[in-house]
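Residues per chain are reported as follows:
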Amino acid sequence: MAHSVKPSHLLLFVFFLSSLESILATTREGEALVKWKNSLAPSSFLDSWSLTNLDNLCNWTAITCNSAGSVSKINLFEKQLNGMLSEFGFTSFPNLNYLTLADNFFSGPIPPAIENLTQLQYLDLSMNSLNGPIPFQVSHLQSLLILNLSQNALQAPNWSHFSPMPFLRILDLSFNNLVSKFPEFISNSHSLTHLNLSNNKFTGHLVHKFTNLQNLETLYLQINSFEGPFPPDIVQLSKLKRLSLSGNKFSGSIPNDVRLLFGLESLNLGNNSFEGPLPPDIFKLSKLKRLVLWSNKFSGSVSNDIGLLSELETLDLNSNFFEGPLPPNVFKLSKLRFLYLWGNKFSGSISNDIGLLSELETLNLNSNFFEGPLPPNVFKLSKLRFLYLWGNKFSGSVSNDIGLLSNLEHLDLDSNFFEGPFPSNIFKLRLKILNLSNNRNLFQRSFPIGLELLSNLSYLGLHSSNLSGNIPSYIGNLKLLEFLDLGSNQLTGPLSKIVYNLTNLILLDVSYNSLHGNIQSDLWQYNDHPTLEYMSLSGNYFTGELPTTICNVTSLSVLDLSNNELSGALPNCFGNLADRLLFINLANNQFRGTIPTTFSRSCQLKYLNMDNNEFEGLLPPSLENCKHLRILDIGNNKIGGTFPSWLYVLGELEVLLLRSNKLYGTISGRSIEDPFPKLRIVDLSNNQFTGHLPIQYFKNMKSTDNLYRFQDGKGVFCFRYEASVSLTVKGTEYEVKKILHIYTTIDLSCNKFQGEIPDVIGELRWLALLNLSHNSLTGPIPSLLRNMKELQSLDLSSNQLTGAIPPQLTALTYLEVLNLSGNHLSGEIPQKGQFNTFNNDSYLGNSALCGSPLTKKCANTASPPQEVGNGDEDDAGDELTWEAIVMGYGCGLICGLSSAYIVLKLGKPWWFVRYVEVLQLKLMKRYA
């Protein structure tokens with residue numbers, strides 16, 4: 001007898017199976033989550049994730065379920081979780097459509113098994129430490145709408161394995177380490193509205209990359225290495241609202257078709273190489289709120305049509321070549337909040353219509369040629385918070401109405417021509433930054449009364465303000481001060497009690513005043529100055545010995561005590577300072593004793609200057625631990641012994657000055673294969689070195705793009721310290737900074753070197769200045785000197801050189817200085833090129849030389865007419881010739897120069913300044 005199954009029983013059985021499957025699925029999901037949790041660092045946030053709590057899965061922290069009880073959403077944003085994704089059960093979540101692990105501490109690779117999350121629509125793994133290539137399986141998540149992998153350490157995969165993602169709307173790969181061309185799969189992901197590839201290392205051109213991305217509203221490509229012209233198909237993206245191409249290598253002009261982006265609200269093209277004038281139609285982008293063009297090569301004037309950008313809130317034209325006055329209509333941009341024009345060539349006065357910019361919060365006109373008084377209405381900008389006018393030609397007094405700017409936080413009037421009386425209402429403001437430096441007539445030689453009321457100050461700049469007298473004690477009550485710059489005034493008195501209370505100082509610069517006092521003071525209680533990074537006390541009259549408490553320093557990066565009257569031996573622990581300090585300058589004091597030997601393997605020094613003291617003994621071998629050392633100046637001391645051969649291990653060394661010491665013996669590179677690979681300036685003059693010239697050890701001479709500079713900062717203000725070396729010209733030493741990095745110099749003068757000048761000298765093709773004078777060199781002048789195409793100064797005087805002057809030297813077209821006097825040279829002086837510009841001082845003391853410019857005629861040879869020198873037009877009209885200015889008078893000549901920053905302790909002789917200006921112009925032409 002057959003039995004039939006009732007339909008109700010069948011439905012019940014199906015329901016039972018379905019429920020059992022759901023329970024089993026929920027169990028699998030819960031077990032997978034617990035397994036992954038156990039692989040992570042312990043976190044109380046995940047306490048609810050437990051096998052004993054499986055029945056309550058949908059109420060677990062960060063878990064959301066769908067109507068069937070299956071996990072659909074995992075939100076672990078910013079939960080301080082630490083671990084990897086390798087144990088995440090990607091196959092256990094068939095219904096997961098939302099996953100965010102952003103802003104945690106996950107590391108390791110993204111597992112390829114992520115492709116099993118087939119229902120995923122939202123994936124955010126940003127702000128972690130994930131690494132390795134992005135797996136191509138991510139592109140198999142064809143339901144994804146949003147993919148955010150930004151701010152990790154991910155690497156570029158082989159993009160050709162990626163599939164287009166047809167539904168993807170937002171893709172953010174910014175802030176990773178992606179080195180590749182533009183990923184092709186992106187070009188075919190047609191639904192994209194937001195694309196962010198910024199802050200990576202993408203390269204190549206971008207022609208025809210965006211043709212299919214007609215839905216793009218946001219395109220961020222900034223800070224990569226894209227190059228070529230403005231991507232032409234971008235102008236066809238009619239829905240684009242935000243475009244940033246800044247920080248790449250784009251070049252050429254901006255197409256006038258940019259007007260087609262009529263919906264654009266933000267345009268950022270900063271820090272590229274775009275050039276030429278702005279296209280006229282850029283001002284037809286009527287919805288534009290943000291226009292950023294900083295650090296390009298845009299030029300010409302700014303059209304008055306800029307007034308058409310009525311919605312503009314940010315205008316940033318920083319660091320270009322714009323010129324002329326500001327167009328009047330810029331003051332009709334009534335919604336403007338941020339105006340950045342610094343680093344251009346704008347000129348003229350500022351219209352009083354600036355008062356119409358009632359929403360303005362930041363006004364930055366730094367480094368232009370604006371002039372005249374400040375317009376009265378600038379003080380009606382009640383929302384103004386930041387006012388930067390540094391480096392212009394503003395003049396007149398500052399109105400007391402400045403007190404109306406009640407929201408002003410930053411005021412920078414540095415390097416103008418403002419004059420007193422100083423407005424007292426400025427002290428009613430809640431300023432955080434006040435920079436009044438380089439306005440020599442703003443104060444009546446004394447600190448303004450009321451300065452102590454600015455209790456919120458973190459930055460006070462009064463550099464070169466013609467101040468005199470003692471530093472007022474109330475400066476010490478400005479407890480929030482982080483930057484205090486009082487350098488280059490005529491201040492007197494002690495310092496220690498003033499800075500004792502300034503426990504937040506980052507920078508202290510009181511250089512080049514007349515301050516005095518014993519260096520052993522509360523100033524060195526560094527436990528009370530835990531943040532101090534930069535200290536310059538140079539150019540004062542501080543006395544005494546360095547106390548051992550200096551070794552307690554924990555934060556200093558720059559210490560400059562040069563040009564004082566400090567004395568005594570350095571504390572034995574001094575070398576330990578180099579474990580933290582980058583720049584140490586003790587030059588021009590009266591320190592004595594031996595240099596401490598405690599430089600450890602942790603040495604961080606880049607610059608050490610002990611020039612012109614009374615140090616004696618040996619140069620400590622422990623300095624070889626300072627592997628980062630780039631400048632070493634121990635000149636003008638009493639250092640003895642043979643040449644310290646361990647210096648060869650300092651592979652970063654670029655400047656080596658050991659002149660005027662008591663060093664002796666031969667200089668040998670021993671078995672060193674490539675000694676001094678980066679050396680550019682070497683001065684061993686005025687010692688007792690013997691043997692053959694060590695030219696072969698300095699064969700790598702060439703200029704560098706590296707600047708000898710420490711730079712740090714906070715907010716919009718930065719501070720820098722530029723290393724200097726002391727260079728000797730006509731027996732006078734000058735402290736030189738700035739373009740020191742472009743010089744290549746060898747000075748071995750005033751020693752006892754013997755033998756011939758080696759032919760290897762011809763390999764020094766980048767050498768600019770060579771001084772071998774006052775030795776005992778013999779033999780001929782090598783004709784291979786002709787290969788030194790960059791040579792500007794050659795001094796071989798006071799040796800025993802013989803033979804003729806090689807006519808090949810006339811090929812040295814940059815040679816401006818020549819001194820061959822005091823030798824045994826013979827024959828006719830070459831009459832060609834630069835040799836037509838040298839006078840008889842270059843050849844005196846060579847009895848067998850003949851021909852112009854000497855009066856001695858060559859036998860049986862008609863004296864050729866004196867040729868006019870073919871120097872640059874810039875030299876015309878100089879009353880002093882180059883050779884008369886720079887020729888080596890005695891020992892220790894180094895023809896190093898500074899572009900515009902030469903600190904002259906003994907004044908600024910006009911002939912030296914003119915020499916600097918002319919040579920700088922030549923160098924700029926050649927190195928441009």
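Keep in mind it's a predicted model, so treat the numbers as computed, not measured.

1. Focus on the overall build of the protein chain
Then step 1. Assigned secondary structure in the protein chain consists of 5 helices and 65 strands.
Then step 2. Partitioning the intrachain contacts of the protein chain with sequence separation of at least 6 by distance along the chain shows that 56% fall at a separation of at least 24.

2. Details of the sheet that holds strand β26 (residues 369-372)
Then step 1. Judged by pairing direction, the sheet is parallel, and its 10 strands sit side by side in the order β12-β14-β16-β18-β20-β22-β24-β26-β28-β30 without closing on themselves. For this open sheet the edge positions go to β12 (203-204) and β30 (417-418), each flanked by a neighbour on one side alone.
Then step 2. Bridging between strand β18 (residues 273-276) and strand β20 (residues 297-300) involves 2 bridges; their strand directions are parallel. Note on β20: the bridge partner recorded for G276 is F298.

3. Overview of the state of the cysteines
Then step 1. Tallied over the full model, the rule gives 4 disulfides.
Then step 2. Here C58 engages in a disulfide with C65; their sulfurs sit 2.2 Å apart. Its torsion about the S-S bond being -100°, the disulfide of C58 and C65 is classed as left-handed.
Then step 3. Residue pairing for C551: its cysteine sulfur links by disulfide to C573, the two sulfurs lying 1.8 Å apart. Because the torsion about its S-S bond is 80°, the bridge between C551 and C573 counts as right-handed. Pair noted here: C551 is in the loop between β39 (541-544) and β40 (558-560) and C573 is in the loop between β41 (565-569) and β42 (583-585), with a separation of 22 residues, a long-range link.
Then step 4. Relative accessible area serves as the criterion here: at 17%, C551 is assigned to the buried category.

4. Observations regarding the side chain of N272
Then step 1. Within the element layout of this structure, N272 appears in the loop between β17 (266-268) and β18.
Then step 2. N272 gets classed as buried once you look at its relative accessible area, which sits at 6%.
Then step 3. Within the local environment of N272, its side chain forms a polar contact with the backbone oxygen of L245, the two atoms lying 2.9 Å apart.
Then step 4. A distance of 3.1 Å separates a polar side-chain atom of N272 from the backbone oxygen of G270.
Then step 5. For N272, the contacting residues outside a window of four places in its chain are L245, S246, G247, N248, K249, F250, S295 and N296.

5. Describing the pairing of strand β5 (residues 105-108)
Then step 1. Burial of β5 is one-sided: the residues F106 and G108 facing one way are buried, the residues F105 and S107 facing the other way are not.
Then step 2. When strand β3 (residues 82-84) meets β5, the two strands line up parallel, connected through 3 bridges. Opposite M84, over in β5, you have S107 as the bridge partner.

6. Side note on unusual backbone geometry
Across residues other than glycine, the phi torsion is negative in most instances, and most of the peptide bonds are trans.
Then step 1. Across the junction of G420 and P421, the peptide omega takes the value 5°, indicating a cis bond.
Then step 2. Mapped onto the fold, P421 is located in the loop between β30 and β31 (433-435).
Then step 3. A cis geometry characterises the amide bond from S852 onward to P853, with omega recorded as 15°.
Then step 4. Within the secondary structure, P853 is located in the loop between β64 (848-850) and α4 (882-886).
Then step 5. Of note in this structure, H208 is not a glycine but carries a positive phi near 60°.
Then step 6. Within the secondary structure layout, H208 lies in the loop between β12 and β13 (218-220).

7. Description of the sheet that holds β3
Then step 1. Pairing is parallel in the open sheet, where 4 strands are placed in the order β3-β5-β7-β9. Only two strands of the sheet have a single neighbouring strand rather than two, namely β3 and β9 (153-155). Going across the sheet, the axis of each strand differs from the next one's by a mean of 20°, ignoring polarity.
Then step 2. Pairing of strand β7 (residues 129-133) with β9, which is carried by 3 bridges, proceeds in the parallel orientation.

8. Considering the packing of aromatic side chains
Then step 1. Within the structure shown, the criterion is met by 34 aromatic pairs.
Then step 2. On the basis of an interplanar angle of 15° and a centroid distance of 6.2 Å, the ring pair of F322 and F346 is categorised as stacked. Here F322, found in strand β22 (residues 321-324), pairs with F346, found in strand β24 (residues 345-348); they are 24 residues apart in sequence, far enough to count as distant.
Then step 3. Residue F346 is classed as buried on the basis of its relative accessible area of 0%.
Then step 4. In this structure, K73 is placed above the aromatic ring of Y98, and the distance from its NZ or CZ to the ring centre is 4.5 Å.

9. Some words on the confidence of the model for the protein chain
Then step 1. In this model, the protein chain carries a mean pLDDT of 86, and residues with pLDDT of at least 70 account for 84%.
Then step 2. The lowest-confidence element of the protein chain is strand β65 (residues 902-903), averaging 32 in pLDDT; the highest-confidence one is strand β8 (residues 146-148), averaging 98.
Then step 3. Low pLDDT, under 50, characterises residues 862-890; the predicted model gives this stretch 54 contacts beyond four residues in sequence or across chains.
Then step 4. When the criterion is pLDDT under 50, residues 892-928 qualifies, and its contacts beyond four places in sequence or with other chains add up to 99 contacts.

10. Brief notes about the side chain of N366
Then step 1. Structurally, N366 can be placed in the loop between β25 (362-364) and β26.
Then step 2. Engagement of the side chain of N366 in a polar contact is seen with the backbone nitrogen of L389, the distance being 3.2 Å.

Each value, and the rule that gives it
- Residues numbered from 1 in each chain as written.
- Predicted model: local features only at pLDDT ≥ 70, side-chain atom pairs only at ≥ 80, totals over all residues.
- Heavy atoms only, no water.
- Helix = DSSP H or I, 4+ residues; strand = E, 2+ residues; numbered from the N terminus.
- Contact = heavy atoms within 4.5 Å.
- Pairing = 2+ DSSP bridges.
- Disulfide = S-S within 2.5 Å.
- Buried < 20%, exposed > 50% of the residue type's maximum accessible area, 1.4 Å probe, protein only.
- Polar contact = N/O pair within 3.5 Å; in protein donor to acceptor, adjacent residues only side chain to side chain.
- Axes fitted to C-alpha atoms, helices over the stretch in contact; angles between N-to-C directions.
- Phe/Tyr/Trp six-rings, centres within 6.5 Å; stacked < 30°, edge-to-face > 60°.
- Lys NZ or Arg CZ within 6 Å of the ring centre and 35° of its normal.
- pLDDT = per-residue confidence, 0-100.

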